[in-house]
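Next come the chains, spelled out residue by residue.
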Amino acid sequence: NGAGLMGDQYGNLFYACGSTNTQLGKYDGTTWNDTFQTGLNATQHPMDWYEDLILIANGSYVACLFSGGSFNAQAFSLPSGMTITSIRSGPTGILIGANLGYQGAIILWDGNALRAKTPWKWTKGQILAIDKYGENWIVKTQREVIVTNGITIKQLFGVFDDPLSFKGYDNSNVLPQQLTVINNTLIFAITSHSAI
């Protein structure tokens, strides 16, 4: 149903499923297993893989499927009021985009430690999506688009088409992937609004 989908480095397909997205399904090329793992929260589940880990955003947690087959639905935890909206691996670790109220936090994690590798970076507006860009990540928030290596951040641009108003990018339907980078082109999914 679009709540989370990912192909891993071994040719497996993982997907969030169940009536409330609380199950992790797996297709290995021959067999569909809708109840491969249970224990996910009822939410969207952006996914990615890093080295030998399968990473699943799970509300205020990152769930991990380890190479040996063990599963931990709460391998990395954030404060209970936060919601992870995007997760992307890269050369320096795993970049987590999480929201608390009307702001977002960029969190760099190594996949093993109980805490982040660096101090959190707070953003203008909620984080909507993250994608890899060379050795960095592009982060789309409600109010800006930034580039980061997980340690430093730099604004690429603010809200386009309407830079002087208080309108931002739409977050009413936060999807696991609202942007993609193809070569040096950044492509956004933006919800259109009728004039009032």
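Everything numeric here is computed off the predicted structure, so don't read it as measured data.

Conventions used here
Along each chain, the written sequence defines residue order, and numbers are assigned to residues from 1. Residue-level local features of this predicted model are given only where pLDDT is at least 70; pairs of side-chain atoms are given and counted only at 80 or more, and the full residue set underlies all totals for whole chains, interfaces and linings. For side-chain calculations, the full set of non-hydrogen atoms in the structure is used, while hydrogens and water are omitted. Per the convention used, a helix needs a DSSP run of H or I reaching at least four residues, while a strand needs a run of E reaching at least two, with both numbered from the N terminus. Buried residues are those whose accessible area, probed at 1.4 Å on protein chains only, stays under 20% of the maximum for their type, while exposed residues exceed 50% and partly exposed ones sit between those limits. Whether two residues touch is decided by their heavy atoms; if any such pair falls within 4.5 Å, the residues are in contact. Here the accessible surface of atoms and residues is derived via Shrake-Rupley with a 1.4 Å probe, and residues count as covered only by protein chains that are part of the display. Any pair of Phe, Tyr and Trp rings, taking the six-membered ring for Trp, is counted once the centres come within 6.5 Å. Such a pair is stacked with planes under 30 degrees apart, edge-to-face with planes over 60 apart, and tilted for the rest. The criterion for strand pairing is that DSSP finds at least two bridges linking the strands in question. Angles run from 0 to 180 degrees between N-to-C directions of axes, and those axes are lines fitted to C-alpha atoms, restricted for helices to the stretch in contact. Buried Ala, Val, Leu, Ile, Met, Phe, Trp, Tyr and Cys residues that are joined via side-chain atoms within 4.5 Å together make up what is termed a nonpolar core.

Student: So what's going on with the overall build of the protein chain? Which residues, and what values?
Tutor: Counting secondary structure elements, the protein chain contains zero helices and 18 strands. Counting over 196 residues, the protein chain shows a buried share of 45%. At a minimum sequence separation of 6, the contacts of the protein chain that also span at least 24 residues come to 38%. Element-wise, carbon and sulfur atoms account for 52% of the exposed surface of the protein chain, whose accessible area totals about 10,000 Å².

Student: Give me the packing of aromatic side chains: which residues, what numbers.
Tutor: The tally for this structure, following the rule as stated, stands at five aromatic pairs. Arranged with centres 5.9 Å apart and planes meeting at 55°, the rings of W120 and W122 form a pair that is tilted. Among the residues examined, W120 registers a relative accessible area of 26% and is labelled partly exposed. Take W122: its relative accessible area is 37%, and that puts it in the partly exposed class.

Student: Quick one: what's the story with the sheet that holds strand β14 (residues 136-141), residue by residue and with numbers?
Tutor: Read across the sheet, four strands follow the order β13-β14-β15-β16 without closing on themselves; strand pairing throughout is antiparallel. What marks the edges here is a single partner per strand, and that holds for β13 (127-133) and β16 (153-158). The sheet shows a mean angle of 20° between the axes of neighbouring strands, taken without regard to direction. Bridge count between strand β15 (residues 144-148) and β16: five bridges; the pairing is antiparallel. Following the sheet pairing, V145 is matched in β16 by F157.

Student: Give a description of the pairing of strand β11 (residues 103-109) that names residues and reports values.
Tutor: On any regular strand, side chains alternate: one points to one face of the sheet, the next to the other face. Summarising burial for β11: six of the seven residues are buried, a large majority. Counted along the chain from strand β10 (residues 93-100) to the antiparallel partner β11, the turn is two residues long, and its residue G101 has a positive phi close to 65°. In the sheet, β11 pairs with strand β12 (residues 121-123) via three bridges, with the strands oriented antiparallel. By the bridge assignment, I106 is partnered in β12 with K121.

Student: Now, about the sheet that holds strand β3 (residues 23-27): what can you tell me, with residues and values included?
Tutor: For sheets, the rule is that strands pair by backbone hydrogen bonds, running either parallel or antiparallel. Pairing is antiparallel in the open sheet, where four strands are placed in the order β1-β2-β3-β4. In this open sheet, the two edge strands, each paired with only one partner strand, are β1 (5-7) and β4 (32-38). Ignoring which end each strand starts from, the neighbouring axes of this sheet average 25° apart. Judged from the four bridges that link them, β3 and β4 form a sheet pairing that is antiparallel. In the strand pairing of β4, Q23 is matched with T38.

Student: With reference to specific residues and values, describe unusual backbone geometry.
Tutor: Here N21, not a glycine, exhibits a phi torsion of approximately 60°, which is positive. By the secondary structure assignment, N21 is in the loop between β2 (13-17) and β3. Phi is positive for E51, close to 50°, though the residue is something other than glycine. For E51, the location among the structural elements is in the loop between β5 (47-50) and β6 (53-58).

Student: Hey, could you go over the nonpolar core for me, with residue numbers and the actual values?
Tutor: Counting 18 residues, the largest nonpolar core has L55, V62, I96 and W109 as the members making the most contacts within it. Looking at this core, the elements with two or more residues in it are β6, β7 (61-65), β8 (71-77), β9 (83-90), β10 and β11. Beyond its immediate stretch of four places on either side in the chain, V62 contacts L55, I56, N72, A73, Q74, A75, F76, I84, I87, I96 and W109. L40, I54, F71 and A73 belong to the second largest nonpolar core, which has 13 residues in total.

Student: Explain the pairing of β6 to me, using residue names and the numbers behind them.
Tutor: Of all six residues that make up β6, six are buried, and the element is covered over most of its length. Of the two faces of β6, the one lined by L53, L55 and A57 and the one lined by I54, I56 and N58 are each fully buried. Linkage of β5 to β6, two consecutive antiparallel strands, is achieved through a turn of two residues, within which E51 is found at a positive phi near 50°. As defined by bridge partners, β6 adjoins β7 across five bridges and the pair is classed as antiparallel. Bridge pairing links I56 to A63 in β7. Turn length for the β6-β7 hairpin, with the two strands adjacent in sequence and antiparallel, is two residues, and the turn residue G59 shows positive phi of about 75°.

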